[in-house]
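Below, each chain spelled out in residue letters.
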Amino acid sequence: IAFLNAAPDMKATLFDLPPVIEMARERIEQAGMMDRVTLVPGNFYEDELPPGHDLALLSAIIHQNSLEQNQDLYRKVFQALNPGGRIVIRDHVMSPDRTQPLDGAIFAVNMLVNTEGGGTWTFDEIKDGLTRAGFSRVKQLQSKGMFSLVEAFKP
């Protein structure tokens, strides 16, 4: 909704689990934006993503996955993007020694306990996964704990 408010000509596709799609439907209807949003229920672990997009936002997703699961997700995003499309990842991005930011290091313990393979990943790990999926021009835009941003482009 924030993206759509900021860009009046934008259309969006929301891909998420069916219960999340229904919660989003209510909010999008209240905002009067259903004519600009396509809702697609699915599970990125099992399903391909809908194609034909210029931007994909992975917001607070990659920490729940192993590096291998993220590699598969990046590949699916790559396939869903148009040439020249961009992926933006919002999540913790750790220093090379994994001690900073502190909240990311603590969060990694939570992921160790509560997921099969999740963790908080360094920029180099994220960049490697994106590059192997076919992305280029990978760079970190912002370093602010869970609000760190990494972007890359589909050639």
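Residues numbered from 1 in each chain as written. Predicted model: local features only at pLDDT ≥ 70, side-chain atom pairs only at ≥ 80, totals over all residues. Heavy atoms only, no water.

**Q** I'd like a rundown of the overall build of the chain, residues and numbers included.
**A** Regarding its fold elements, the chain presents 5 helices and 8 strands. Along the chain, helices (α) and strands (β) appear in the sequence α-β-α-β-β-α-β-β-α-β-α-β-β when read from the amino end. Computed over the C-alpha atoms, the radius of gyration of the chain is 16 Å, within 12% of the 15 Å expected from 2.2 N^0.38 for a compact globule of 155 residues. Taken over the C-alpha atoms alone, the chain extends approximately 45 × 35 × 30 Å along its principal axes. Summed over its atoms, the accessible surface of the chain is roughly 8800 Å², and 56% of this surface lies on carbon and sulfur atoms. Here the chain carries 15 positive and 20 negative side-chain charges, and the mean point of each set is 7 Å from the other. (Helix = DSSP H or I, 4+ residues; strand = E, 2+ residues; numbered from the N terminus. Rg over C-alpha atoms; globule rule 2.2 N^0.38 Å. Areas by Shrake-Rupley, 256 points an atom, 1.4 Å probe, with all protein chains shown as cover. Lys, Arg positive; Asp, Glu negative; His and termini not counted. Charge placed at Lys NZ, Arg CZ, Asp CG, Glu CD.)

**Q** I'd love a proper account of the nonpolar core, names of residues and values included.
**A** Among the nonpolar cores identified, the biggest contains 25 residues, and Y74, V77, I87, I89, I126, L130 and F135 are the most heavily contacted of them. For this core, the elements supplying multiple residues, two or more each, are β3 (53-59), α3 (67-80), β4 (81-91), α5 (123-133) and β8 (148-153). Broken down by element, this core gets its largest block of residues, 5 residues, from α3. (Core = buried A, V, L, I, M, F, W, Y, C linked by side-chain atoms within 4.5 Å. Buried < 20%, exposed > 50% of the residue type's maximum accessible area, 1.4 Å probe, protein only.)

**Q** How would you explain the layout of surface pockets if you had to name every residue and give the values?
**A** The volume enclosed by the largest pocket comes to roughly 1400 Å³. Lining the largest pocket are 37 residues; nearest its centre among them are T13, L14, F15, D16 and L57. Contributions of two or more residues to the lining of the largest pocket are made by α1 (2-6), β1 (12-16), α2 (18-30), β3 and α3. Here the lining of the largest pocket gets 7 residues from one element, more than from any other, and that element is β3. Here the residues of the lining of the largest pocket are counted per class, giving 26 nonpolar, 7 polar and 4 charged. (1 Å grid on protein atoms, 1.4 Å probe; cavity = no way out; pocket = protein on both sides within 12 Å on 5 of 7 lines; lining within 4 Å. Points joined across faces, edges and corners; volume = space filled by probe spheres on them. Nonpolar A, V, L, I, M, F, W, Y, C, P; charged D, E, K, R; others polar.)

**Q** Give me the lowdown on the sheet that holds β8, citing residues and values where you can.
**A** In spatial order, the strands read β3-β4-β8-β7; together these 4 strands make up an open sheet with mixed pairing. Since the sheet does not close on itself, it has two edges, and those belong to β3 and β7 (136-142), each with one partner. For this sheet, the mean angle separating the axes of adjacent strands, direction not counted, is 15°. Direction of pairing for β3 relative to β4: parallel, over a ladder of 6 bridges. The residue bridging L57 from the neighbouring strand is V88, located in β4. (Pairing = 2+ DSSP bridges. Axes fitted to C-alpha atoms, helices over the stretch in contact; angles between N-to-C directions.)

**Q** Now, about the environment of R86: what can you tell me, with residues and values included?
**A** Topologically, R86 is positioned in strand β4. Residues R86 and F135 lie 49 residues apart in sequence; the distance between their C-alpha atoms is 8.7 Å. Once you skip the residues sitting within four places of it in the chain, R86 turns out to touch D54, L55, A56, L81, E151, A152 and F153. (Contact = heavy atoms within 4.5 Å.)

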